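Each chain, written out:
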Amino acid sequence: MSERATDDLEGWLRSRTPERGLRGKSAAVLELLLSQPRRASYGSAGELAQLAGVNVATVTRTAQALGFAGWPALQQELRARYLSSLSAGQVAAEHHAEHRSTGAPGSPGSPGSPGARSLRRDLDGLALLNRRLDERVLATIAEAVAAARRTTIVADGSYAAVGLALAHNARLAGYPVHAVTAGSELVNAMATVGEGDVLIAVSFWRLYENTVLAANEARARGARVFAVTDAVSPALAAAAEEVVLVPAEGEAFFPSLTAGIAVAQALVTQLAAVDPARTGAAIEAAESMWTRFGLLHRHPAPPR
């Protein structure tokens, strides 16, 4: 099966199915995921069980057979993949339909202004990230960046902001980290990547082809590759040593960057703890230069 085929929702699900396949009631759950991805991506384990004619335990076992800790973890990626298959207008229509349905107070589908719903969804995303984030992975990435000759962050579109924030603060912490996007800048950066380097691919909602190409090229050249994304593409996962899964569903037609920025902040915080003396010296040098260039405004001392 080609990488393109495994990147679509059906191909992805079937690629995760054990070689012996799923039998009996678990097979019924899988077929429901394949035939009704929208309902599955929005429904609870209980609703899915009722639709498939099984109990909730079977839904959990099916998720585990597909390589997930349980239904919530599978649903997060299923929903991300379902939304990534839609156009921006279709995503907006999905959320509009969700708002029209009756939801519990505080849920994404509950009444309220668009801005308030967006804040609630981001809070839910941060809570989900906090529950599922593997601290070991953060430490691995931070230690790799600290030991690297240099680190390149590939981030495009609206989520370039996550890559830029991560690179900016990592440089302040004393490490040679730079963010690049598409075009000649990315091509030139990839031409110099090699052993001793790190590449971090950042991508949400829709995976850009240049991000996949950059990750695989960096891996082939001997660099260590990591990914920050909302759904694990087989094409990207094949190159990445570790993947940080980040909830990125927004309230409108674009992905939310809130959880992605939180991961960037967590990574830099972890990085700063690797060698506090190096980071302290780098910050002191940066502040001295900011002062020389007049970038820091000093408030006059209050009169005595």
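Located above this text is the structure these notes cover.
Fair warning: this is a prediction, and the values are worked out from it, not measured in the lab.

Draft legend 1. Structural context of the overall build of the chain. Within the chain, the regular secondary structure consists of 16 helices and 5 strands. Out of the 304 residues in the chain, the part that is buried amounts to 45%. In the chain, of all internal contacts separated by at least 6 residues, the share reaching a separation of at least 24 is 69%. For the chain, the accessible surface area stands at approximately 15,500 Å², while carbon and sulfur atoms represent 56% of it.

Draft legend 2. Examining the sheet that holds strand E5 (residues 242-245) more closely. Taken in spatial order, the 5 strands make up an open sheet running E2-E1-E3-E4-E5, and their pairing is parallel. The open sheet has two free edges, formed respectively by strand E2 (177-180) and E5, since each of these has just one partner strand. Across the sheet, the mean angle from the axis of one strand to that of its neighbour is 20°, orientation sign disregarded. The pairing of strand E4 (residues 224-229) with E5 spans 4 bridges and is parallel. Residue pairing across strands places Val228 opposite Val244, the latter belonging to E5.

Draft legend 3. Fine view of helix H5 (residues 45-52). Within H5, burial applies to Ala45, Leu48, Ala49 and Ala52. Viewed end-on, H5 has its buried residues packed into an arc of 100°, placing them on one side of the element. Tucked inside the fold, the buried residues of H5 contact helix H3 (24-35), helix H4 (37-42), helix H6 (56-65) and helix H7 (71-84). Looking one or two places after H5, you find Gly53, whose phi comes out positive at around 75°.

Draft legend 4. Main features of the pattern of salt bridges. Under the counting rule described, the total for this entry stands at 7 salt bridges. Between Arg136 and Glu242 there is a salt bridge whose closest N-O contact spans 3.0 Å. Of this pair, Arg136 sits in helix H10 (residues 135-147) while Glu242 sits in strand E5, and the two are 106 residues apart along the sequence. On the basis of relative accessibility, which here comes to 47%, the residue Arg136 falls in the partly exposed class. Residue Arg224 is joined to Glu241 by a salt bridge in which the shortest nitrogen-to-oxygen separation is 2.6 Å. Within this pair, whereas Arg224 is found in strand E4, its partner Glu241 is found in the loop between helix H14 (234-237) and E5, the two being separated by 17 residues in sequence. In this structure Arg224 comes out as partly exposed when scored by relative accessible area, which is 36%. Under the relative-accessibility criterion, Glu241 is labelled partly exposed at 37%. One connected set of salt bridges, linked through shared partners, spans Asp134, Arg136 and Glu242.

Draft legend 5. Up close: the packing of H3 against H5. Orientation of H3 relative to H5, taken along the N-to-C sense of each, is 105°, at an axis distance of 9 Å. It follows that H3 is roughly perpendicular to H5 by the angle criterion. Seen from H3, the contacting residues are Ala28, Val29, Leu32 and Leu33; seen from H5, they are Leu48, Leu51 and Ala52. Among the residues forming the contact of H3 with H5, the class breakdown is 7 nonpolar, no polar and no charged.

How each quantity is defined
- Residues numbered from 1 in each chain as written.
- Predicted model: local features only at pLDDT ≥ 70, side-chain atom pairs only at ≥ 80, totals over all residues.
- Heavy atoms only, no water.
- Helix = DSSP H or I, 4+ residues; strand = E, 2+ residues; numbered from the N terminus.
- Buried < 20%, exposed > 50% of the residue type's maximum accessible area, 1.4 Å probe, protein only.
- Contact = heavy atoms within 4.5 Å.
- Areas by Shrake-Rupley, 256 points an atom, 1.4 Å probe, with all protein chains shown as cover.
- Pairing = 2+ DSSP bridges.
- Axes fitted to C-alpha atoms, helices over the stretch in contact; angles between N-to-C directions.
- Arc of directions from axis to C-beta.
- Salt bridge = Lys/Arg side-chain N within 4 Å of Asp/Glu carboxyl O.
- Parallel < 35°, antiparallel > 145°, perpendicular 65-115°, else oblique.
- Nonpolar A, V, L, I, M, F, W, Y, C, P; charged D, E, K, R; others polar.

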